[in-house]
Amino acid sequence: MIKKITASLLLTLVVPLSNPVSAEELTLTQQWQTKTELKQPESVIYDIMRRSLYVSNINGEPSGKDGKGFISLIANDGKIEKLKWVDGLNAPKGMAIFGKNLFVADINELLVIDVETAKVTKRFALDGEHFLNDVAIDRSGVIYVTDTSTNRIYRLYRGKLEIWLEDEKLENPNGLYIDNEHLIVGSWGKPTDGWKTDVPGHLLVISLKDKSIVDFGNGSPIGNLDGLAKQDDHTFLITDWMQGKLMQASDDGKVKTLLELGQGTADILYLRSKKLLLIPHMMEGKLIAYTTK
């Protein structure tokens, strides 16, 4: 089931505040960018224990099982420490880290990489055609993965990668973020010609308890959504891959464009404690860092 979510309903679901507020103004200042040596960088994750950044590189067709994909190791100042830290992958996309394990969505597989050895230790494979895209982990260590091509969200639970939710109302789910007891999903929209859409996607809120689906904000189309990150209790930062935009979406239904970087803005990471936003740019082959205030 899906229904429009009003600001008051959202506050009941996501944040225990009395009234919606407008999104806080956000000023972005570019801090650094990597050399343009990355190969279609899709996702970035921060390893707080090792103070390193990992970036997934598709390096080919997004659904191509060609063994050319890899993960890069990036320093906090944007220096590429090791371009092919882990290689021999296919088209790695979304990532999440839990302890010493890095979980990576790679077409029809969820990979587990030991960050201490930089080795793939496990592979959870699915039969048939899939497009595993983004990964998120809840506080108990349960892993969720979007499958954009099948309108599914998978769950890795007790060693098994299983369908957790399948619903056309997911509208080709891409970006994924866990906010307390809810999954926030950035939908791409229903493709009509390749990856083009007549009606682009928007943000959805899914209950982890009963799997009910509601719209974030007023449910209006926003864009072909890829990355999303929480700015504050009322606001998410999102990217539109096709239009190359970074946007700010708030629970009162307002959407504001913050940056226009050209097609390819992918799976972002916002480190709120550091006030640092990281944007992989697939088409330009680089990772861009912005400070916020």
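Keep in mind it's a predicted model, so treat the numbers as computed, not measured. (Residues numbered from 1 in each chain as written. Predicted model: local features only at pLDDT ≥ 70, side-chain atom pairs only at ≥ 80, totals over all residues. Heavy atoms only, no water.)

Draft legend 1. Just the overall build of the protein, in detail. Looking only at helices and strands, one finds one helix and 27 strands in the protein. For a compact globule of 293 residues, the expected C-alpha radius of gyration is about 19 Å, and the protein comes in at 18 Å, within 12% of that figure. Along the longest, intermediate and shortest principal axes, the C-alpha atoms of the protein span 45 × 45 × 40 Å. Counting every position in the protein, which comprises 293 residues, the buried fraction comes to 59%. Of the contacts made within the protein by residues no fewer than 6 positions apart, 46% connect residues no fewer than 24 positions apart. Counting only carbon and sulfur atoms, one obtains 46% of the accessible surface of the protein, whose full area is about 12900 Å². (Helix = DSSP H or I, 4+ residues; strand = E, 2+ residues; numbered from the N terminus. Rg over C-alpha atoms; globule rule 2.2 N^0.38 Å. Buried < 20%, exposed > 50% of the residue type's maximum accessible area, 1.4 Å probe, protein only. Contact = heavy atoms within 4.5 Å. Areas by Shrake-Rupley, 256 points an atom, 1.4 Å probe, with all protein chains shown as cover.)

Draft legend 2. Region of interest: unusual backbone geometry. Within the chain, Asn151 stands out as a residue other than glycine whose phi angle is a positive 55 degrees. For Asn151, the position within the fold is in the loop between β12 (143-147) and β13 (152-157). In this structure Asn151 comes out as buried when scored by relative accessible area, which is 15%. One non-glycine residue, Asn172, adopts positive backbone phi at about 60 degrees. Relative to the helices and strands, Asn172 resides in the loop between β14 (160-166) and β15 (173-179). A relative accessible area of 10% means that Asn172 is categorised as buried.

Draft legend 3. View of the sheet that holds strand β5 (residues 69-74). What the four strands build is an open sheet, ordered β3-β4-β5-β6; its pairing is antiparallel. Sheet topology places β3 (41-47) and β6 (80-89) at the edges, where each strand pairs with a single neighbour. Averaged over neighbouring strand pairs, the angle between their axes works out to 20 degrees when direction is ignored. (Pairing = 2+ DSSP bridges. Axes fitted to C-alpha atoms, helices over the stretch in contact; angles between N-to-C directions.)

Draft legend 4. Expanded view of the sheet that holds strand β9 (residues 109-114). Read across the open sheet, the four strands follow the order β7-β8-β9-β10; overall the sheet is antiparallel. Edge positions in the sheet fall to β7 (92-98) and β10 (119-125), since each of these pairs with one other strand and no more. Shown here is a sheet whose adjacent strand axes are inclined to one another by a mean of 25 degrees, direction ignored. Here β7 pairs with strand β8 (residues 101-106) via five bridges, running antiparallel. Residue pairing across strands places Pro92 opposite Asp106, the latter belonging to β8.

Draft legend 5. Spotlight on the pairing of strand β22 (residues 235-240). β22 sits mainly inside the fold: six of its six residues count as buried. Along β22, one buried face is formed by Thr235, Leu237 and Thr239 and the opposite face, lined by Phe236, Ile238 and Asp240, is buried too. One ladder, built from five bridges, connects strand β21 (residues 225-232) with β22; its direction is antiparallel. When the sheet's bridge partners are listed, Leu228 is paired in β22 with Ile238. The turn linking β21 back onto β22 is made up of two residues. Note that β22 and strand β23 (residues 245-250) share six bridges and pair antiparallel. Within β23, the residue paired with Phe236 across the bridge is Ala249.

Draft legend 6. Layout of the pattern of salt bridges. Counting across every chain of the model gives 11 salt bridges. Linking Asp114 and Lys100 is a salt bridge whose minimum nitrogen-to-oxygen distance equals 3.2 Å. Of this pair, Asp114 sits in strand β9 while Lys100 sits in the loop between β7 and β8, and the two are 14 residues apart along the sequence. A relative accessible area of 8% places Asp114 in the buried class. Glu162 is the partner of Arg155 in a salt bridge, and the nearest nitrogen-oxygen pair spans 2.6 Å. Classification of Glu162 as partly exposed rests on a relative accessible area of 22%. (Salt bridge = Lys/Arg side-chain N within 4 Å of Asp/Glu carboxyl O.)

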